[in-house]
Amino acid sequence: MVEGAILVVDAGEGPLAHTKFVLAKALKYGLRPLLLLNKVDRSTVTEERCSEVESLVFDLFANLGATGWASSTYTKKPSEDAWNMSDLLDAIIRHIPPPKSSLDAPFQMLGKGSRSSSNTSKPRTLG
């Protein structure tokens, strides 16, 4: 139901246990997540720390058997026009394929059915 993922990692904390869990799920479904370092503007986060976190995430990708990933350069002092998220949107367009869909197919959404005996999310067809 998705074609890509964005892995958001706090630049100060680095990858945590849930980072590995989410990344493993994305890779299991054949997704190639984009890495987004968050909170790089904090005074305690240096460019060296950003490089260290990126390296830790790269190691995590490698340990989970990822075959590739996309990352763009980052800076502690982005230009004023970089605050508009256009770099992230450009990366999504470049690295995440468009959805495979048919306008003639029934609408589907991911949700939990009230009559389901399990508590798992399953695609539901409406209409």
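Please read all numbers here as calculations on a predicted model, not as lab measurements.

Quick look at the pairing of strand S2 (residues 34-38) now. Pairing analysis gives five bridges linking strand S1 (residues 6-10) to S2, with the strands arranged parallel. Bridging from a neighbouring strand, valine 9 pairs with leucine 37 of S2. Tracing the backbone out of S1, into helix H1 (residues 17-28) and back to the parallel element S2 gives a crossover that is right-handed.

Right, let's get into the pattern of salt bridges. One pass over the full model with this rule turns up two salt bridges. Linking aspartate 10 and lysine 39 is a salt bridge whose minimum nitrogen-to-oxygen distance equals 3.2 Å. Placement of aspartate 10 in strand S1 and of lysine 39 in the loop between S2 and helix H2 (47-63) is noted, with a sequence separation of 29 residues between them. Accessibility expressed as a relative area gives 30% for lysine 39, which makes it partly exposed. Residue glutamate 52 pairs with arginine 49 through a salt bridge whose shortest N-O separation is 2.8 Å. Here the residue glutamate 52 and the residue arginine 49 both occupy positions in helix H2, the gap between them amounting to three residues, near one helical turn. Under the relative-accessibility criterion, arginine 49 is labelled buried at 19%.

Cut-offs and rules
- The residue numbers shown here count from 1 along each chain, following its written sequence.
- Side-chain atom pairs in this predicted model are given and counted only at pLDDT of 80 or more, local residue features only at pLDDT of at least 70, and totals for whole chains, interfaces and linings cover all residues.
- With hydrogens and water set aside, each side-chain value is computed from the structure's full complement of heavy atoms.
- DSSP calls a pair of strands paired once it identifies at least 2 bridges connecting them.
- Secondary structure elements follow DSSP: runs of H or I of four or more residues count as helices, runs of E of two or more count as strands, with numbering from the N terminus.
- A clockwise course of the path from the first strand over the helix to the second, judged with the strands pointing away from the viewer, identifies a crossover as right-handed.
- A side-chain nitrogen of Lys or Arg and a carboxyl oxygen of Asp or Glu constitute a salt bridge if their distance falls within 4 Å.
- Residue exposure (1.4 Å probe, protein chains only): buried if accessible area is under 20% of the type maximum, exposed if over 50%, otherwise partly exposed.

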